[in-house]
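Spelled out from the first residue to the last, the chains are:
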Amino acid sequence: FPSHDSTPRRAHDTLHLADYLAQVYLHHPIARQSDLLVRIGQARVLEAKGAFDPRINLKWAEKATPEKQSFDMADAGVSWTTPIGVQAYGGWERNTGPSVNPYDATAPDGQWMAGIRIPITREGWINRRRTDLQSARLFAESTLFEQQLMLNDLLYKAAKSFFEWETAHRQLRIYQEALEISDTILSNVRTAWRLGERAAIDTTEASMQRLTWLQKWQQTQTSLS
C-alpha cells in the first residue's frame, strides 16, 4: 500500500493508480499466495492424471547349471488405462527351459501379444482413479475462483488506500498553502496594528486563524507519518 512519506514528489515521480495496482498485483504477498494456491490445484490435477499414464513392466528370471539350463523367463510390456476405464496393452513374453510349465512355454524367440481390457463394473481402482481425477479438477477450478476473490479484495483495498493517501496529500498541500497565507496575513495585521491602522483584536483573530490552519496541517501530517 502507498508509503506515508509526505515528501513532495517531482513531476516525473508521479505515482499513477494503474502503475501502483500493477506493482501490488506483482509483488504483494497475498497476490503471490493466490498464485501458489492455483499452482497447488494444477499440481493435484497432474498427480491424478499420472494414474492414467502408460506403464512399462519388465521381468526376467534365469536359472542354469553347468550341465543344462533350467529355465529362461522374460516378460516385457506396456499398458495404458484411459480415463473411461478401457485398458490397452501390448508386450513380449518368452518362457523356455526344461523346468518351465508346458502350459506357459513359448517358442525360443518368444511371442508378442496385444489387446484391450474393458471393465464390466464401476467398482475398483479404475473408478477410484476417475473419482480422484474429477475431484482434483474441481479443486483446481475452486482455486481459480478463490484466487479471483483474493485478488479482487486485495486490489479493492489497495485502491482505497491509494485514494486515501492521495486525498491526505492534497489536503496537506492545501493546509500548507493556507498556513503560508495566514502567516502573511498575521504579519500584515501586526504591522498595521503597530502603525495604528488596525485594532489589537484583529491580531488576535489573525493568530487564531493561523493556529486553526496549523492544527489541521499537523493532524494531516501525523496521519501520514
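The structure under discussion appears in the preceding block.
Residues numbered from 1 in each chain as written. Predicted model: local features only at pLDDT ≥ 70, side-chain atom pairs only at ≥ 80, totals over all residues. Heavy atoms only, no water.

1. Digging into the overall build of the protein chain
Phase 1 of the analysis: If you tally the helices and strands in the protein chain, you get 4 helices and 4 strands.
Phase 2 of the analysis: Ordered by position from N to C terminus, the α and β elements of the protein chain give α-α-β-β-β-β-α-α.
Phase 3 of the analysis: Burial status across the protein chain gives 25% buried among its 225 residues.
Phase 4 of the analysis: In the protein chain, the proportion of contacts linking residues at least 24 apart, taken out of those at least 6 apart, comes to 59%.
Phase 5 of the analysis: As presented, the protein chain carries roughly 16200 Å² of accessible surface, and 57% of it is formed by carbon and sulfur atoms. (Helix = DSSP H or I, 4+ residues; strand = E, 2+ residues; numbered from the N terminus. Buried < 20%, exposed > 50% of the residue type's maximum accessible area, 1.4 Å probe, protein only. Contact = heavy atoms within 4.5 Å. Areas by Shrake-Rupley, 256 points an atom, 1.4 Å probe, with all protein chains shown as cover.)

2. Let's talk about helix H2 (residues 29–49)
Phase 1 of the analysis: A rise of 1.5 Å per residue sets the reference length of H2, with its 21 residues, at 30 Å; its end C-alpha atoms lie 30 Å apart and thus fit the reference within 8%.
Phase 2 of the analysis: For H2, the set of buried residues is Ala31, Ser34, Leu37, Val38, Gly41, Val45 and Ala48. The arc enclosing the buried residues of H2, seen along the axis, measures out at 120°, which places them on a common side. Facing away from the buried side of H2 by more than 90 degrees, the exposed set consists of Pro29, Arg32, Arg39, Leu46 and Glu47. (Expected span 1.5 Å × (residues − 1). Arc of directions from axis to C-beta.)

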